Amino acid sequence: MKYFHIIGATVLAGLFILIQQQTVTAQKFMEQSSGYSSQPQLLQASAAPTPLPPTPTPMPTTNTPTEIVAGQSPATDIPPGIDINHPLSLEMGVNEGNLGAGEKRWFSIEAMGPGGGSGVYVPLTLSLYFTPNDGNPRDRVSMELFDSSMPAIWSKGYPNQIKSFGAGSVRSLDNDDKSGEMIWSGSLIGDQPIYIRLRNDNEFPVDYLLFTFDIF
C-alpha cells in the first residue's frame, strides 16, 4: 500500500511540473504574438509636449485713402499762369497784376478773324505799363510772345529751348523814371493761340497793367 502512495505522489509531481512548463510556454507564445508581457513594466512619464510659439496678433488692415490737406489738390491742380501749359486767359482790355522778384506770368490769347474765320491775319497790340521801385531796372522787366508750337517743346522737358517770335519794345509814356512802358504790335493767325510771358528779373516786386490796345 505504501508503494502506491509513493507512485501516486511521483505522478502528481510530474503532472505539476508539466502543467507549469505548459503555462510558461503559453505565456511566451502570447508575448511573442501580441507583444504582451506578464512581467511588471515600469511606467515612464512621457515628456511634456513642446509649447507652440504664440500666434502673432495680425495688424489691422485698412483702406484709408491718403490724407489730402485742406486747400490742396492733386498735382494736376497747378496755379494758372505758372507756365506755358497753364496760362491765364488774357482778357481783352486791361489785365492788372503783381510780379514778385524773379517771377514770371504766362497768358494766352486766341485772336479770331472776321466772322470767326481761321487762317486769316488779325491785328493785335499789347501795351505793358509797370512800376518798379526805382528808375534803374526797367530793362529787367520783359514781355515776350510765343507761338502755338512751343507748349509741346516745354512738355518734353526742354523749357529753355522755346523761342519767342516777338518781344515788347521799351517806350516812354510819361517820362517817369519810376515806371516803365513796353509795346508790341503785329498780326496773328486767326484761331491759333499765342502765349505772352511777363518776366520780372528784379530783386523786388513790380505792379503791372497789360493792355490789349495801344496806350501811347
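Sequence positions are assigned chain by chain, starting from 1 and proceeding in written order. Note on the predicted model: pLDDT of at least 70 is required for a residue's local features to be given, and 80 or more for side-chain atom pairs to be given and counted; whole-chain, interface and lining totals, by contrast, use all residues. Side-chain numbers come from the whole structure's heavy atoms, not from hydrogens or water.

1. Digging into the overall build of the protein
In step 1: Of regular secondary structure, the protein possesses two helices and ten strands.
In step 2: Reading the protein from its N terminus to its C terminus gives the helix and strand order α-β-β-β-β-β-α-β-β-β-β-β.
In step 3: Throughout, the Shrake-Rupley method with a 1.4 Å probe supplies accessible areas, and for residues the shown protein chains are the sole cover considered. Counting only carbon and sulfur atoms, one obtains 57% of the accessible surface of the protein, whose full area is about 15,400 Å². A run of H or I in DSSP becomes a helix once it reaches four residues, and a run of E becomes a strand once it reaches two; helices and strands are each numbered from the N terminus.

2. Here we look at the sheet that holds strand 3 (residues 104-110)
In step 1: At least two DSSP bridges between two strands are needed for those strands to be called paired. Ordered in space as 1-3-9-5-6, the five strands form an open sheet in which the pairing is mixed. Lying at the two open borders of the sheet, with one neighbouring strand each, are strand 1 (88-89) and strand 6 (166-167).
In step 2: The sheet contact formed by strand 1 and strand 3 spans two bridges and is parallel. Following the sheet pairing, Ser-89 is matched in strand 3 by Ser-108.

3. Re the nonpolar core
In step 1: Of all hydrophobic cores here, the largest spans 23 residues; its most connected members are Leu-126, Leu-128, Met-143, Ile-196, Leu-198, Tyr-208 and Leu-210.
In step 2: Where this core is concerned, the elements lending two or more residues are strand 3, strand 4 (121-131), strand 5 (141-146), strand 8 (180-189), strand 9 (193-200) and strand 10 (206-211).
In step 3: Examining the composition of this core, we find that five residues originate from one element, strand 4, more than from any other.
In step 4: Here, residues are in contact when the closest pair of their heavy atoms is within 4.5 Å. Apart from the residues within four sequence positions on either side, Met-143 is in contact with Leu-126, Leu-128, Gly-166, Ala-167, Gly-168, Met-182, Ile-183, Trp-184, Ile-196, Arg-197, Leu-198 and Leu-210.
In step 5: As used here, the term nonpolar core means buried Ala, Val, Leu, Ile, Met, Phe, Trp, Tyr and Cys residues forming a set that is joined through side-chain atoms within 4.5 Å. The cut-offs for exposure are 20% and 50% of the maximum accessible area for each residue type, with area from a 1.4 Å probe on protein chains only; residues under the lower value are buried, those over the upper are exposed, and the others partly exposed. Of all hydrophobic cores here, the second largest spans six residues; its members include Ile-84, Phe-146, Met-150 and Ile-162.

4. Looking at the packing of aromatic side chains
In step 1: Classification of ring pairs rests on two measures: the distance between centres of Phe, Tyr or Trp rings, Trp counted by its six-membered ring, which must be within 6.5 Å, and the angle between planes, read as stacked under 30 degrees, edge-to-face over 60 and tilted in between. By the definition in use, this model includes four aromatic pairs.
In step 2: Both rings, one in Trp-106 and one in Trp-154, keep their centres 5.7 Å apart while their planes meet at 80°; by these two values the pair is edge-to-face. Taken as a pair, Trp-106 in strand 3 and Trp-154 in helix 2 (residues 150-155) lie far apart in primary sequence, 48 residues in all.
In step 3: Overall, Trp-106 belongs to the buried group, its relative accessible area being 0%.

5. Points about the confidence of the model for the protein
In step 1: As a per-residue quantity, pLDDT reports the predictor's confidence and falls between 0 and 100. Looking at the protein, pLDDT values average 75 and 58% of them are 70 or higher.
In step 2: Segment residues 1-8 is flagged for pLDDT under 50; beyond a separation of four residues in sequence, or across chains, it makes zero contacts in the model.
In step 3: Every residue in residues 40-45 is under pLDDT 50, and counting partners more than four places away or in other chains gives zero contacts.

6. Comments concerning the pattern of salt bridges
In step 1: One speaks of a salt bridge when a side-chain nitrogen belonging to Lys or Arg is within 4 Å of a carboxyl oxygen belonging to Asp or Glu. Overall, the coordinates contain three salt bridges when judged by the stated rule.
In step 2: The residue Glu-103 makes a salt bridge to Arg-105 at a minimum N-O spacing of 2.8 Å.
In step 3: Residue classification places Arg-105 among the buried positions, given a relative accessible area of 13%.
In step 4: Residues Glu-144 and Arg-197 are paired through a salt bridge, measuring 2.7 Å at the closest nitrogen-oxygen approach. Remark: Arg-197 occurs in strand 9 and Glu-144 occurs in strand 5; sequence separation between them is 53 residues.
In step 5: Look at Arg-197 and you get buried, because its relative accessible area is 9%.

7. Quick notes on the sheet that holds strand 2 (residues 94-99)
Hydrogen bonding along the main chain pairs the strands of a sheet, whether they run parallel or antiparallel.
In step 1: Strand order in the open sheet formed by five strands is 2-10-4-8-7, with antiparallel pairing between adjacent strands. The outermost strands of the open sheet, each flanked by one partner alone, are strand 2 and strand 7 (169-171). Between one strand and the next, the sheet's axes are offset by a mean angle of 25°, whatever the strand orientation.
In step 2: Examined bridge by bridge, strand 2 and strand 10 share six bridges and lie antiparallel to one another. Bridge assignment links Asn-95 to a residue of strand 10, and that residue is Leu-210. An axis is simply a line fitted to the C-alpha atoms; with a helix, the fit covers only the stretch in contact. Between two such axes, the angle follows the N-to-C directions and lies from 0 to 180 degrees.

8. Some words on the environment of Asn-200
In step 1: Topologically, Asn-200 is positioned in strand 9.
In step 2: A C-alpha to C-alpha distance of 9.7 Å links Asn-200 and Pro-132, two positions 68 residues apart in sequence.
In step 3: Under this definition, polar contacts are N or O atom pairs within 3.5 Å; protein pairs additionally need one hydrogen-donor-capable and one acceptor-capable atom, and for neighbouring residues in sequence, both atoms have to be side-chain atoms. Within the structure, the side chain of Asn-200 is placed 2.8 Å from the side chain of Asn-202, a separation counted as a polar contact.

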